[in-house]
Structures are given as structure tokens and as C-alpha cells.
Amino acid sequence: MLLFSKYSRRGASSRLRSLQYLPLLRGYGIDVEVHPLFSDEYLDAIYGGNSRAAMVNAWRRGMQRFMDLLRSGDHDVAWIEGELFPYLPSMVESLLVRSVRPYVVDYDDALFHRYDLSSNRLVRGFLGRKIDRVMRDAACVVAGNGYLADRAALAGASRIEIIPTVVDDGRYETVAHDVDERPVIGWVGSPLTEDYLLEGREVLEKVCVEHGARLLLVGARENIVDRFNGFEPEVVAWSEESEAAMIARMDIGIMPLRDGPWERGKCGYKIIQYMACGLPVVASNVGANIDIVNHGKTGFLAGDPASWEKSLVQLITDRAMRLRMGQAGRASVERTYCLKTQAPRLADVLRSVGQGRCAA
């Protein structure tokens, strides 16, 4: 089997939607040959704001993918993350994808909105329906949530499977912190998503100052501390190796989002990570968050600053509630949002497409 991922393990979407499954898939007799599009150097350039270096790297890697397609040879099925080439017209991509039929295509965000909601009229005109065609021609569309699955259905996809983004729950430990410790509100993200956090900055400032909580930010830019008044959050660089340990330092996990088309396509992975560590969560009432968070049981869904403040204050001041919600969240992860639960489903999809079977 050929996997045309977007990134190596450094890229969250590729690591979570495909690469973390590979050892388990081998146990089901599925061997996967990985062909990432973008390199780690590309991500370094993007996060560092070096657009020229990113563009040069993207062109180089694009040519490598083209050569990989020409040499693809015999395979049972191709597994594609989103699309083969970003911003390549659908007619050209359709010709290239013929060399890797049959294929399964996977989505963990609303990639189609990069094109159909672009501010550039030419992009909308030439690429607005590109992802719909990729979905339509796939043997199966694997979607991370219902919003993405609904788009695949509108596109005319012949088979659609919803498989949420999950964690390896064995990597995450639940930690009971000392009673007299100041509660830690935690956020995990990247420089590309920290704007969501900053939009709720005033609420975070207020609850931390008034109730003695701390704020831990994993993956944000170091200079984000300059945006806060009255206290200084702790900022820690993200790494795959340390991520679980950083979350285990938290008492409350947060996932703020805007309510927009792009955000409705997100799969709520950070919420699942928090829950895997036994944390209660506070998340925006948007998209997959609504499906993942059992409001009042595993955390709270918040839609405005007042509800965010109320939810955070409740959790900061009530340790028993934090523990109770955290335990319920961990149970939910073990039941639904972990590798051992979803790997058999993914293996069945890939095997059935390779064997030419229809949907189960």
C-alpha cells in the first residue's frame, strides 16, 4: 500500500491521521510505503515566517512527489491525505491520480474551504470544486467528523467512513496534583493557532489573577507573553516526545475556536489529548467539539466570554469536579477515541478497498 501523506511525523495531521496507525496496521497484514509531500525543513520555514524558503522547499518536494507517482508501480490501494498537490487544478490532479487507483482519501479539516472560500476569485473559479472531485472519485472517503462527511456526501462520494482523530492512550497518564497547588489551565497548539487563544485573553487574565490559577501554553511563540497583562503565562516549546508530559502538568485543558466554516471542520484532537490525561476541558461550542465534549460530564462547552469565565471558575474552584470530569473524559477516550478502538475500523476500510469490496 502507498501512503501519500502531507508531512512526516513532525506534521500533526499526518502523524495522527495515518502514521501513528502504521505499527498496528502491520498487525493486520497491511504494509504501508510512506511518501510525504512536505519536509520538516518546510515546516521550520513556515513557523519561522520564511515564506521564500518554504516556497523553494515546496517546489522541490512537489517534483519529488511527481517522481514518486511515476514510480508507484503495483499496489493494492493508495491512501491519500487530502490531495496529491495543493493548488494544482483538479483536471491535472485527476490525471495523476489515475496512476494510484483505487485510492482512499482522508480529511481531518475542511481543506475544501481553502479553495471554495478563498478571497482570490481565480482560486475559487479554478479550484473551488477540486476537493469534491477528489472525494467523488475515491473508493472511500475517511472523514474525521460529520461536517467533513457531509461535504463528501454532497460531492457524491460512493463510500464514506467517519473515523475520529485519536490518541495512543498508553502514552498518556492521569496525574492527581496536590490539593494546595495552584490549578493550571493548559493549552496546546502552534503559532498558526494561537490567535484563537488570544481572542479569549481577557477572560484568561481575569480568572488567573482573581482565582490564583496559572496558564501553561505549549507550542505558542515565546513572545506571546507580551500580550498578557497582570500575570505571565508559562510558554513551553512543543515536541512529540514531551507533549504528553506537558499535558499531565495541567489541571484544565482548553480549546478555544472561532465559529466559522474552517473551524467546523476541525476534529478536536487537543480535547481528546486533555481527556486522555484525565483533564476536564473547556472548549468552544463549535464543530466536532460538540460531539466530543459531554457538557457537564467531561467538561464544558462555551459560546461567549461569560460562559468561558463561568466554566473556568467552576473548575478552578472545585477540585472534586475536576477529578470527576477528568475520569469521565478518560473513560470516553478508552471507549471511542483511542488507537486500539479505531485501528480495526481503519484496517477494514483499507483492506476492503484493496480487495474491491463495497462498504460494509
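A brief report on the enclosed structure follows.

## Observations concerning the overall build of the protein chain
Phase 1 of the analysis: For the protein chain, the helix and strand inventory stands at 18 helices and twelve strands.
Phase 2 of the analysis: In terms of C-alpha radius of gyration, the protein chain reaches 21 Å, essentially the compact-globule figure of 21 Å for 360 residues.
Phase 3 of the analysis: Taking the principal axes of its C-alpha atoms as reference, the protein chain extends roughly 60 × 45 × 35 Å.
Phase 4 of the analysis: Here the protein chain holds 360 residues, and 54% of them are scored as buried.
Phase 5 of the analysis: Long-range pairs, those at least 24 residues apart, make up 69% of the contacts in the protein chain between residues at least 6 apart in sequence.
Phase 6 of the analysis: Taking the 45 positively charged and 47 negatively charged side chains of the protein chain as two groups, their mean positions are separated by 5 Å.

## A closer look at the layout of surface pockets
Phase 1 of the analysis: Reported here for the second largest pocket is a volume of approximately 360 Å³.
Phase 2 of the analysis: Contributing to the lining of the second largest pocket are 22 residues, with E199, G200, L257, S284 and W308 lying nearest its centre.
Phase 3 of the analysis: The set of elements that each furnish at least two residues to the lining of the second largest pocket consists of α10 (194-198), α11 (201-211) and α16 (305-317).
Phase 4 of the analysis: Considering each element in turn, the lining of the second largest pocket owes the most residues, four residues, to α11.
Phase 5 of the analysis: Its residues assigned to classes, the lining of the second largest pocket comprises twelve nonpolar, four polar and six charged.

## Observations regarding the packing of helix α5 (residues 90-97) against helix α8 (residues 130-137)
Phase 1 of the analysis: Their axes nearest at 9 Å, the elements α5 and α8 cross at an angle of 25°. It follows that α5 is roughly parallel to α8 by the angle criterion. The two elements α5 and α8 cross, and the hand of that crossing is right-handed. In this structure, α5 uses S90, E93 and S94 to contact α8, whose residues at the interface are K130, R133, V134 and D137.

## What about the packing of aromatic side chains?
Phase 1 of the analysis: For the structure on display, the rule yields four aromatic pairs.
Phase 2 of the analysis: Summarising the aromatic geometry, the rings of Y87 and Y115 are spaced 5.2 Å apart at their centres and angled 90° between planes, so their arrangement reads as edge-to-face. Within this pair, whereas Y87 is found in the loop between β3 (78-81) and α5, its partner Y115 is found in helix α6 (residues 113-116), the two being separated by 28 residues in sequence.
Phase 3 of the analysis: Note on F112 and Y147: the rings are 6.4 Å apart at their centroids and 35° apart in plane angle, and the pair reads as tilted. Placement of F112 in the loop between β4 (103-107) and α6 and of Y147 in helix α9 (residues 146-155) is noted, with a sequence separation of 35 residues between them.

## Some remarks on empty space enclosed by the protein
Phase 1 of the analysis: Inspection of every chain in the model, using the stated rule, returns two cavities of 30 Å³ or more.
Phase 2 of the analysis: Space inside the largest cavity adds up to approximately 70 Å³.
Phase 3 of the analysis: Around the largest cavity sit L16, R17, Y21, W79, D106, V142, I163, P164, T165, V166 and L346, which together line it.
Phase 4 of the analysis: Its residues assigned to classes, the lining of the largest cavity comprises eight nonpolar, one polar and two charged.
Phase 5 of the analysis: Counted as a void, the second largest cavity has a volume near 50 Å³.
Phase 6 of the analysis: Along its surface, the second largest cavity is lined by I80, E83, L84, E93, S94, V97, Y103, V134 and D137.
Phase 7 of the analysis: Elements with a contribution of two residues or more to the lining of the second largest cavity: α5 and α8.
Phase 8 of the analysis: The element best represented in the lining of the second largest cavity is α5, accounting for three residues.

## Topic: a nonpolar patch on the surface
Phase 1 of the analysis: On the surface, M63, F66, M67 and L70 cluster together into a nonpolar patch covering about 380 Å² of accessible area.
Phase 2 of the analysis: Relative to the assigned elements, F66 resides in helix α4 (residues 51-70).

## Notes on the sheet that holds strand β10 (residues 252-255)
The strands making up a sheet associate through hydrogen bonds between their backbones, and the pairing can be parallel or antiparallel.
Phase 1 of the analysis: Read from one edge to the other, the open sheet built from six strands follows the order β9-β8-β7-β10-β11-β12, with strand pairing classed as parallel. Strand pairing shows two members of the sheet lacking a second neighbour, β9 (234-236) and β12 (299-302), which therefore form its edges. Neighbour-to-neighbour, the strand axes of this sheet turn through a mean angle of 20°, independent of strand direction.
Phase 2 of the analysis: Alignment of strand β11 (residues 281-284) against β12, held across four bridges, turns out to be parallel. From the neighbouring strand, V282 faces β12, where its bridge partner is F300.
Phase 3 of the analysis: In this fold helix α14 (residues 269-276) packs onto β7 (184-188), β10 and β11, with an angle of close to 175° to the strand it touches most, β10.

## Focus on the sheet that holds β4
Phase 1 of the analysis: Strand order in the open sheet formed by six strands is β2-β1-β3-β4-β5-β6, with parallel pairing between adjacent strands. Whereas interior strands pair on both sides, the edge strands pair on one side only; in this sheet they are β2 (33-34) and β6 (160-162).
Phase 2 of the analysis: Here four bridges tie β3 to β4, and the two strands are oriented parallel to one another. Residue pairing across strands places I80 opposite V105, the latter belonging to β4.
Phase 3 of the analysis: On the sheet, α9 packs against β4, β5 (140-143) and β6 and is oriented at approximately 175° with respect to β6.

## Examining the nonpolar core
Phase 1 of the analysis: Grouped together as the largest cluster of nonpolar side chains are 59 residues, with contacts concentrated most on I185, M250, I254 and L312.
Phase 2 of the analysis: With six residues, the top contributor of residues to this core is α14.
Phase 3 of the analysis: With near-sequence residues (within four places) excluded, M250 lies in contact with H177, V184, G186, W187, V188, L216, V218, Y274 and L279.
Phase 4 of the analysis: If you look at the next biggest cluster of nonpolar residues, it comprises 31 residues, including I80, V100, L111 and A155.

What counts as what
Residues numbered from 1 in each chain as written. Predicted model: local features only at pLDDT ≥ 70, side-chain atom pairs only at ≥ 80, totals over all residues. Heavy atoms only, no water. Helix = DSSP H or I, 4+ residues; strand = E, 2+ residues; numbered from the N terminus. Rg over C-alpha atoms; globule rule 2.2 N^0.38 Å. Buried < 20%, exposed > 50% of the residue type's maximum accessible area, 1.4 Å probe, protein only. Contact = heavy atoms within 4.5 Å. Lys, Arg positive; Asp, Glu negative; His and termini not counted. Charge placed at Lys NZ, Arg CZ, Asp CG, Glu CD. 1 Å grid on protein atoms, 1.4 Å probe; cavity = no way out; pocket = protein on both sides within 12 Å on 5 of 7 lines; lining within 4 Å. Points joined across faces, edges and corners; volume = space filled by probe spheres on them. Nonpolar A, V, L, I, M, F, W, Y, C, P; charged D, E, K, R; others polar. Axes fitted to C-alpha atoms, helices over the stretch in contact; angles between N-to-C directions. Parallel < 35°, antiparallel > 145°, perpendicular 65-115°, else oblique. Left-handed = near helix turned anticlockwise from the far one by under 90°. Phe/Tyr/Trp six-rings, centres within 6.5 Å; stacked < 30°, edge-to-face > 60°. Patch = residues over 30% accessible without salt bridge, like charges linked within 9 Å, V, L, I, M, F, W, Y side chains within 5 Å. Areas by Shrake-Rupley, 256 points an atom, 1.4 Å probe, with all protein chains shown as cover. Salt bridge = Lys/Arg side-chain N within 4 Å of Asp/Glu carboxyl O. Pairing = 2+ DSSP bridges. Core = buried A, V, L, I, M, F, W, Y, C linked by side-chain atoms within 4.5 Å.

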